[in-house]
Amino acid sequence: MKLVPTLFLSEAADKRRRWVALAVAAQVLFILLVAGAGSAISSYGRAVVLRTSPVDPRDLLYGDYVTLNYDISQLPRPLWRGSEAPRRHRPVYVELRPTPAGYYEAVAVYPAEPASLPADHVALRGWIVNVWRQGLQLRYGLERYYVPEGEGRKLERRAGRQPLLVHVSVAPWDQSRITRVETTPKQAERP
Amino acid sequence: MSRKFIEIEGQHWVEQGIISPEQHQRLLALYPEQQRAIGLLPLLGSLLVGLSALSLVAANWQELPELLRLGLLIGSMVAAYLGGEHFLQRGFRSMGIGLVALGLILFGAGIVLTSQMYQLVGYDVTGLLAWVVAAVVLTFIYQSHFLFILAVAIGVLAQGYSVGSLSSYSYASAGLMAGGLGYYWWRRPDALCGAILATGLLWQSALLINHLHIKITWFFVPAMLVYAAGDWQPNRPAARALQAPPLVAAFLFMLGLGMFGEAGSYTDQLRPHFVGFVGALLLVFGLSVAGKRARGHLSSAADWLLLLPGYYFPGGLPLAVAALVVLYAYTGSVLYRGYQEQASDRVNLGTALFILTTMVAYFKLTWEFMDKSLFFLLGGLLLLGLSWYLRRRARAIPPSNPPTH
C-alpha cells in the first residue's frame, strides 16, 4: 500500500526534473544566442565609422554607459525618399557613404531596404523618433556604449570638446552593434 | 508539536504517572528527529568563499576574456539550478526554491551582462521578455509562491523598463502576467499571491494608459476587469485579496476627486468619450455582477458605487460634493455589510474609511468658510462624537467573531 504513493511521487518528480532540465537548457541556449548574435554581427558585418555630434558633456555618462548622439541622428528632410510623409516609430533605412575624412555620412533615407546600392555604400536600419518640417530625428539602437569601468569619465571629457569616431558593424540581417569608440584624429576635426 | 516539547514535558508526564515510559517512547516515535539541515559552519564558510569569488570576479570583470565571462555567467546559473534540485530532492524545500530563485535572477543578470558585453543593449525588449517567460515557466514547474511573487516582480520590472527606457509597451509581457500568472493563480488561489498579482496587473494597466496617452479614467476598465475576475473565483479569501488593490485604487481616486475635483481644469483630463468609456465600464460591470450572482454574493455589488463616473459632472463644488456622496455611500455599504455579516474586520475597515471620508469632507467643505480655530474645534468634536458612536456600535458585536468572508 505504501509503495504506490512513493512510486507515484517519484514519477511526478521525474517528470518535473525533465521540465527543469528543459527550462534550464533553454535559458543557457538563450544566453548563448545573445552572445552568438553579438559575435556574428562583428564577423559578418561591414565596418562603418560614424561621427558623433558634440553634446552637453554633463549629460553624457549614465552609470556604466555613455549616450552617443550621431551626426546622422538628425537628418534634413530632403533626404527622405518615401512616397508618403515620414511618420514616427516607423523603421527606415539610411544610406551611408564614406567621406574622405574617414567617417560615413547619410545620403538618403528610405522607408524600405533599398534594392541596390553602390559598392561602398551601406544601408543602416533606424527608426524615426520625431518628424518636423525641416528634418527627421532617428535612432539606430547604437546610442548606448557600455564602457569599461573608469573610462567613461575620460570619454565624456573628450566628447565634450571634439566628436568621437564610433566603429559600428552592420550585419547583412539588419542588426548592428558598436565595436569600438575612438577620439577623433586631428585632421578630422577640421573638415 | 515539537519533538523537544514531548521530550521534556513527557518526562514530567511519566513522573506523574499520566503515561508509561513505553507510551512516552511511542509518542516520541511519532515525531522522528528532523535531519539537521546542514551544519551552520560549513554553510557560513561556503558563503564566505562564494562572496570572495564574487568580489574577485566583479573586480576583474572587464579584464576577463569574453568566453570566460560567458562561462562564468552560464556556469553560476546552472550551478544554482542544480543546487536547487539537489536540496529539493532531499526535502529542503525553502533552500531549494531559494537556489532556483537565485538561478532565475542570474539568468536575468546573464542576459543583461552578455548583451552589454557585445554592445547589444539597444532598443529591444526581447531579453527582458525571455526573463519573464523563464520566471512564469519556473513558477508552473515548481509551484512555489515565492517564485510566483518573483515572476510578478520581474514582469513589473520588464514593463517599467520597456515603457520608461524604450518608450514601447510590451504587450507580450503584460499578456504573460495576465494569462500565465493569472491562470496559475486561478488554479491555485492564494490571498497573498492574489494581492500581489492584482498590484502587478494594475501597474501594467497604468503603464498602458500612459503609453497610449488616453484619459486616465480608462485605467479603471482593466482594473475592474481584474476585480471582475475575482468575482468568478470560488475561493473567497483569495478572491477578496485580488479585488482589494483595484478597490483601493478606485477609493483613492474618488477621494482625490473629492479633494481636488473643484478645480475644473483637471476634470477635463478625466472625461473620455462618453459612449465608448461608459459602454466598456458597463460591460465589465455586467461581467462582475454575473460572477457575483453565480457565486452567490450579490451584496458586494455595492463596491461598484466607487466607479460611478461623477467626473462627467461639470467641475467645481457639485463634482466634489458628488464624489463625497459616493464615498459616503460606499463606506456606509461596507459598514452595513460588516454589521449584517457580523464580520468585525469589515466593520473596522468601514470605520477607518468613514473617518477618512469625513476628514476629507470636513476639510473640503469648511476650510474656506470658517475661522481656523473653529475649524479645529469642530473637527475635534466631530471625531470625538464619531468615535463614541462607533465604539457604542462596536460593542453590539462580539469582537471575537470570525470573519465570514
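Residues numbered from 1 in each chain as written. Chains lettered and ligands numbered in written order. Predicted model: local features only at pLDDT ≥ 70, side-chain atom pairs only at ≥ 80, totals over all residues. Heavy atoms only, no water.

Peer 1: Which residues make up the environment of Val14(B), and what are the values?
Peer 2: Residues and elements named next belong to chain B. If you trace the backbone, Val 14 turns up in helix α1 (residues 3–15). Its relative accessible area of 22% is what places Val 14 among the partly exposed residues. Remark: the alpha-carbon pair of Val 14 and Trp 61, spanning 47 residues in sequence, is separated by 65 Å. With near-sequence residues (within four places) excluded, Val 14 lies in contact with Ile 19, Ser 20, Pro 21 and His 24. (Helix = DSSP H or I, 4+ residues; strand = E, 2+ residues; numbered from the N terminus. Buried < 20%, exposed > 50% of the residue type's maximum accessible area, 1.4 Å probe, protein only. Contact = heavy atoms within 4.5 Å.)

Peer 1: Tell me about the domain arrangement of chain B, and name the residues and values.
Peer 2: Residue and element names in this part refer to chain B. Domain annotation for chain B reports domain 1 (124–213) and domain 2 (218–391). Just the C-alpha atoms count here: the centres of domain 1 and domain 2 sit 27 Å apart. Contact residues are listed per partner, giving 15 residues for domain 1 and 18 residues for domain 2. On the domain 1 side of the contact with domain 2, Trp 185, Trp 186 and Leu 202 bury the most area, a combined 42% of that side's loss. Run the count over domain 1 and domain 2 and you get 0 salt bridges. Elements supplying a minimum of two residues to the side of domain 1 that touches domain 2: α8 (171–187) and α9 (191–212). (Domains from an automatic or database assignment. Buried area = accessible area lost by both parts, 1.4 Å probe. Salt bridge = Lys/Arg side-chain N within 4 Å of Asp/Glu carboxyl O.)

Peer 1: Summarise the environment of Val122(A); cite the residues concerned and give the values.
Peer 2: All names here are of chain A. For Val 122, the location among the structural elements is in strand β7 (residues 122–131). For Val 122, a relative accessible area of 5% translates into the label buried. Not counting chain neighbours up to four residues away, the residues in contact with Val 122 comprise Arg 46, Val 48, Val 94, Glu 95, Leu 96, Tyr 104, Leu 117 and Val 170.

Peer 1: Give me the pairing of strand β5 (residues 91–98) of chain A: which residues, what numbers.
Peer 2: Residues and elements named next belong to chain A. One ladder, built from 6 bridges, connects β5 with β7; its direction is antiparallel. Counted as the bridge partner of Leu 96 is Val 122 from β7. Bridge count for β5 against strand β6 (residues 104–110) is 6 bridges, and the pairing is antiparallel. Bridged to Arg 97 within β6 is Glu 105. (Pairing = 2+ DSSP bridges.)

Peer 1: Can you break down the sheet that holds strand β10 (residues 164–170) of chain A residue by residue, with the values?
Peer 2: Note: strands within a sheet are paired through backbone hydrogen bonds, in either parallel or antiparallel orientation. All names here are of chain A. Spatially, the 3 strands line up as an open sheet ordered β1-β10-β11, and their pairing is antiparallel. Strands at the two margins of the open sheet, each flanked by one partner only, are β1 (46–51) and β11 (176–183). Put simply, the sheet's adjacent strands are angled 25 degrees from each other on average, direction ignored. (Axes fitted to C-alpha atoms, helices over the stretch in contact; angles between N-to-C directions.)

Peer 1: Summarise the confidence of the model for chain A; cite the residues concerned and give the values.
Peer 2: Residue and element names in this part refer to chain A. Predicted confidence across chain A gives a mean pLDDT of 80, with 79% of residues reaching 70 or more. Model confidence for chain A, summarised as mean pLDDT per element, is weakest for helix α3 (residues 186–189) at 44 and strongest for β6 at 92. Of the regions scoring below 50 in pLDDT, residues 1–7 engages in 0 contacts with residues more than four places distant in sequence or in other chains. Here residues 186–191 is a poorly scored stretch, pLDDT under 50, and it has 5 contacts once near neighbours within four places are set aside; other chains count. (pLDDT = per-residue confidence, 0-100.)

Peer 1: Describe the nonpolar core, with residues and values.
Peer 2: Where a protein is soluble and globular, its nonpolar side chains tend to be buried together. Counting residues in each nonpolar core, the largest one holds 53 residues, and the members touching the most others are Leu104(B), Leu138(B), Tyr142(B) and Leu197(B). Those elements that provide at least two residues to this core are α1 (3–44) of chain A together with α4 (66–89), α5 (93–117), α6 (126–142), α7 (145–166), α8, α9 and α11 (236–260) of chain B. The leading source of residues in this core is α6(B), at 10 residues. In contact with Tyr142(B), other than residues within four places in its own chain, are Arg16(A), Val20(A), Glu85(B), Leu88(B), Arg93(B), Ile97(B), Val100(B) and Leu147(B). One finds Leu202(B), Ala228(B), Ala250(B) and Tyr330(B) within the second-largest nonpolar core, a separate group that totals 34 residues. (Core = buried A, V, L, I, M, F, W, Y, C linked by side-chain atoms within 4.5 Å.)

Peer 1: Any details on the side chain of His297(B)? Residues and values, ideally.
Peer 2: All names here are of chain B. Structurally, the position occupied by His 297 is in the loop between α13 (274–295) and α14 (317–340). Residue classification places His 297 among the buried positions, given a relative accessible area of 6%. Among the polar contacts listed, one links the side chain of His 297 to the side chain of Arg 236, at a separation of 3.3 Å. (Polar contact = N/O pair within 3.5 Å; in protein donor to acceptor, adjacent residues only side chain to side chain.)

Peer 1: Describe the domain arrangement of chain A, with residues and values.
Peer 2: Residues and elements named next belong to chain A. As far as domains go, chain A holds domain 1 (11–43) and domain 2 (46–183). Buried surface at the junction of domain 1 and domain 2, summed over both partners, amounts to about 460 Å²; 65% is from carbon and sulfur atoms. Scanning the region where domain 1 abuts domain 2 turns up 0 salt bridges. For the interface between domain 1 and domain 2, the tally reads 3 residue pairs in polar contact (both at pLDDT 80 or more). Here the side of domain 1 that touches domain 2 is composed, by residue class, of 3 nonpolar, 2 polar and no charged. (Nonpolar A, V, L, I, M, F, W, Y, C, P; charged D, E, K, R; others polar.)

Peer 1: So what's going on with the packing of α9(B) against α11(B)? Residues and values would help.
Peer 2: Residues and elements named next belong to chain B. Interhelical geometry of α9 versus α11 gives an angle of 30 degrees and a closest axis separation of 7 Å. The pairing of α9 with α11 is recorded here as roughly parallel in orientation. Crossing hand, α9 versus α11: right-handed. For the pair α9 and α11, contact is made by Ala 191, Gly 194, Ala 195, Leu 197, Ala 198, Thr 199 and Leu 202 and by Pro 237, Ala 238, Ala 241, Leu 242, Pro 245, Pro 246 and Ala 249, respectively. For the contact of α9 with α11, the per-class residue count stands at 12 nonpolar, 2 polar and no charged. (Parallel < 35°, antiparallel > 145°, perpendicular 65-115°, else oblique. Left-handed = near helix turned anticlockwise from the far one by under 90°.)

Peer 1: Run through the sheet that holds strand β8 (residues 135–139) of chain A, naming residues and quoting values.
Peer 2: Residues and elements named next belong to chain A. Spatial strand order, β4-β8-β7-β5-β6: 5 strands in an open sheet with antiparallel pairing. Across the chains shown, the open sheet's two edge strands, defined by having one partner strand only, are β4 (74–76) and β6. Within this sheet the neighbouring strands show an average axis-to-axis angle of 45 degrees, counted without direction.

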